[in-house]
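Next come the chains, spelled out residue by residue.
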Amino acid sequence: MGVDVAIRIRFNVNGRERTATTDPERSLLEVLREDLGLLGTKYGCGEGQCGACSVLLEGKRVFSCRLPAERVEGKSVVTIEGLAQGDALHPVQQAFLDEGAFQCGFCTAGMIIAAVALLAEKPKPTDAQIVAGMNRNICRCCSYPKIIQAVRRADDRKGG
């Protein structure tokens with residue numbers, strides 16, 4: 001016999017305080033998409049292996065499909081929707097656009113989030129560091145060369 005237990009979590013999403021009443025084991029991805037209507041973060045594999053669900057938690061990339069919602073209590077989450085400042089795209093978003101670093105676009109939000117985390121952690125990354133930093137983000141269209149160019153371009157723009 002299962003017992004339904006819902007908890008109320010408070011956290012900051014894209015600079016805005018939010019609350020959600022949910023099963024504590026429900027994934028952050030489900031809360032973001034279904035409760036908060038933030039549809040930019042994608043469901044890919046559901047196993048934290050493809051990176052489509054990547055978000056920033058306290059500035060670090062996490063796979064929201066595998067993260068229980070209760071673990072974000074009191075923390076800050078940034079999704080793809082939270083990167084732009086008004087009409088101005090984040091430099092990484094602009095670099096992906098300028099380089100045409102996408103085909104179908106399904107993985108793009110997760111790739112951009114991973115790149116933002118990488119560049120925050122490793123300014124002026126080498127190509128090997130870019131490849132390692134983007135590891136666990138899969139592009140089924142194989143746009144990897146353009147994705148790497150976009151990360152380089154974004155780094156150049158920020159003067160890293």
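Data block above holds the structure.
Quick look at the structure, then.

Cut-offs used in this document
Residues numbered from 1 in each chain as written. Predicted model: local features only at pLDDT ≥ 70, side-chain atom pairs only at ≥ 80, totals over all residues. Heavy atoms only, no water. Salt bridge = Lys/Arg side-chain N within 4 Å of Asp/Glu carboxyl O. Helix = DSSP H or I, 4+ residues; strand = E, 2+ residues; numbered from the N terminus. Buried < 20%, exposed > 50% of the residue type's maximum accessible area, 1.4 Å probe, protein only. Pairing = 2+ DSSP bridges. Axes fitted to C-alpha atoms, helices over the stretch in contact; angles between N-to-C directions. Contact = heavy atoms within 4.5 Å. Parallel < 35°, antiparallel > 145°, perpendicular 65-115°, else oblique. Left-handed = near helix turned anticlockwise from the far one by under 90°. Nonpolar A, V, L, I, M, F, W, Y, C, P; charged D, E, K, R; others polar.

Quick notes on the pattern of salt bridges
So, point 1. Considering all chains together, one arrives at seven salt bridges under this definition.
So, point 2. Aspartate 156 serves as the salt-bridge partner of lysine 124, at 3.3 Å between the closest nitrogen and oxygen. Here lysine 124 is found in the loop between α3 (108–121) and α4 (127–133), whereas its partner aspartate 156 is found in helix α5 (residues 144–158), with 32 residues between them in sequence.
So, point 3. Here lysine 124 falls in the partly exposed class, since its relative accessible area comes to 46%.
So, point 4. Given the relative accessible area of 53%, aspartate 156 is considered exposed.
So, point 5. Residue aspartate 127 is joined to arginine 152 by a salt bridge in which the shortest nitrogen-to-oxygen separation is 2.8 Å. Taken as a pair, aspartate 127 in helix α4 and arginine 152 in helix α5 lie far apart in primary sequence, 25 residues in all.
So, point 6. Owing to a relative accessible area of 41%, aspartate 127 belongs among the partly exposed residues under this scheme.
So, point 7. Counted as one network, the salt bridges with shared partners bring together Arg26, Glu34 and Asp35.

Let's talk about the sheet that holds strand β4 (residues 60–63)
So, point 1. In spatial order, the strands read β2-β1-β5-β3-β4; together these five strands make up an open sheet with mixed pairing. Edge positions in the open sheet fall to β2 (16–22) and β4, since each of these has one partner strand only. Recorded for the sheet is a direction-independent mean angle of 40° between the axes of neighbouring strands.
So, point 2. With two bridges connecting them, strand β3 (residues 54–57) and strand β5 (residues 76–78) associate as antiparallel partners. Paired with leucine 56 across the two strands is valine 78, which belongs to β5.
So, point 3. Sitting on the sheet, α3 touches β3, β4 and β5, and the angle it makes with β3 is about 35°.

Quick notes on the packing of helix α2 (residues 91–99) against α5
So, point 1. In the contact formed by α2 and α5, the axes pass within 8 Å of each other and the chain directions differ by 135°. With respect to each other, α2 and α5 are oriented oblique. Considering how the two elements wind past one another, α2 and α5 form a crossing that is right-handed. Along the contact surface, α2 presents Pro91, Val92, Gln94, Ala95, Phe96, Asp98 and Glu99, while α5 presents Lys146, Ile147, Gln149, Ala150, Val151, Arg153, Ala154 and Arg157.
So, point 2. Residues belonging to the contact of α2 with α5 are distributed by class as follows: eight nonpolar, two polar and five charged.

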